[in-house]
Amino acid sequence: MLDLALLKNFAVVARTGSISLASTQVGRTQSALSMQMQRLEAEVGQPLLQRTGAGMRLTAAGERLLAHAEQLIARHDEILADMGGLALKGTVSLGCPEDYSIAFLPELLKRFCAANPQVELRLVCAPTIGLRPLIQRRQIDMALVSLPDADDATVIRRERFVWVADRPDTQLLSNDILPLALSAPTTLDYRAACDAMEAVNRRYRVAFASDSLAGLIAITRAGHAISVLTSTAVPPDLHIIDHGLPLLPTIGIALEFSENRPSSAAAMLGEHIRQHLPSLKEPAVARGL
């Protein structure tokens, strides 16, 4: 008979890809956790984990066992909650782009944590292109992601891209070649800005490119470049530029899960986000004239 505690620890190792990181989450030493994984491999009669230069990697048998383990863990939690009327428990890892984490998560998580104090939340901030591999490898349970098609059926909230500068009358608009501060070239805001400028034959250069929202805001505050942010991410001391630049597109926000049948805690958080995210108000921002 498989030990449910072993399966839970195995799922943590699989998600983190590291015995070291997993040991801190499950409260065991690395050596004790390694012995548990060896015991589990002995019980199933197949190697489950392969050590690589980048950490622990699941074997084909490990991938199959993880799918079964997560279903068993989720079902176990559901039964306990249903039969005992127990409070929701478990650990949920949520991925989110940095601008959404600043604009939305404080209010969303405050409400959820107040209602479910025994659920432990882990947050991973990264652009959508960085979150998708984590979802596919089941290293996070769920993620808020950006979609270029705002009318996609999975979209639960729409956000518009805006041009942002340190002043509403920024002199940068008079430059022959407009300096821009954008995220990495693989991100939606980078492509949206470049496509919009090229569509109107406006000359520009990417003066600063980074996945760091703080970095984009800092260079914009310094007056060195105009940036592109979602409207929710614009700090009060910066200004949305509504004139002299082409219109930027609206994107969608969707929620993606690593499992078709997420744990009870993950499913509850997902339902909470779907219910409350659409109605959250945008923070106040300074607007251009």
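For the structure itself, look to the data block above.
Model, not experiment: these values are computed from the prediction. (Residues numbered from 1 in each chain as written. Predicted model: local features only at pLDDT ≥ 70, side-chain atom pairs only at ≥ 80, totals over all residues. Heavy atoms only, no water.)

Trainee: Outline the nonpolar core, supporting the account with residue identities and numerical values.
Mentor: In terms of nonpolar packing, the biggest core is built from 43 residues, with Leu 144, Trp 163, Ile 226, Ile 273 and Leu 277 touching the most fellow members. Top contributing element to this core by residue count: helix H8 (residues 188-199), with 6 residues. By size, the runner-up hydrophobic cluster in this structure holds 21 residues, among which are Leu 6, Leu 7, Ala 11 and Leu 65. (Core = buried A, V, L, I, M, F, W, Y, C linked by side-chain atoms within 4.5 Å. Buried < 20%, exposed > 50% of the residue type's maximum accessible area, 1.4 Å probe, protein only. Helix = DSSP H or I, 4+ residues; strand = E, 2+ residues; numbered from the N terminus.)

Trainee: Account for helix H6 (residues 105-115), naming residues and giving values.
Mentor: Buried within H6 are the following residues: Leu 105, Leu 108, Leu 109 and Phe 112. Buried residues of H6, seen end-on, are gathered within an arc of 85° and therefore sit on one face of the element. H6 presents Pro 106, Lys 110, Ala 114 and Ala 115 as exposed residues on the side facing more than 90 degrees away from its buried surface. Along its buried surface, H6 packs onto strand E3 (90-96), helix H5 (98-103), strand E4 (119-125), strand E5 (142-147) and helix H10 (264-276). (Arc of directions from axis to C-beta. Contact = heavy atoms within 4.5 Å.)

Trainee: A description of the packing of helix H1 (residues 4-16) against helix H2 (residues 19-26) should follow, citing residues and the corresponding values.
Mentor: Across the interface, H1 lies against H2 with an axial gap of 8 Å and an inter-helix angle of 135°. Our classification of the angle between H1 and H2 gives oblique. Relative to H2, the crossing made by H1 is right-handed. Within the contact between the two elements, H1 uses Asn 9, Val 12, Val 13 and Thr 16 and H2 uses Ile 19, Leu 21, Ala 22, Gln 25 and Val 26. When the residues that make up the contact of H1 with H2 are grouped by side-chain class, the tally is 6 nonpolar, 3 polar and no charged. (Axes fitted to C-alpha atoms, helices over the stretch in contact; angles between N-to-C directions. Parallel < 35°, antiparallel > 145°, perpendicular 65-115°, else oblique. Left-handed = near helix turned anticlockwise from the far one by under 90°. Nonpolar A, V, L, I, M, F, W, Y, C, P; charged D, E, K, R; others polar.)

Trainee: Before we move on, could you go through the pattern of salt bridges and cite the residues and values that matter?
Mentor: Under the definition given, this model contains 11 salt bridges. Between Asp 169 and Arg 167 there is a salt bridge whose closest N-O contact spans 3.2 Å. Residue classification places Asp 169 among the partly exposed positions, given a relative accessible area of 40%. In this structure, Asp 237 engages Arg 221 in a salt bridge whose closest nitrogen and oxygen atoms are separated by 2.6 Å. (Salt bridge = Lys/Arg side-chain N within 4 Å of Asp/Glu carboxyl O.)

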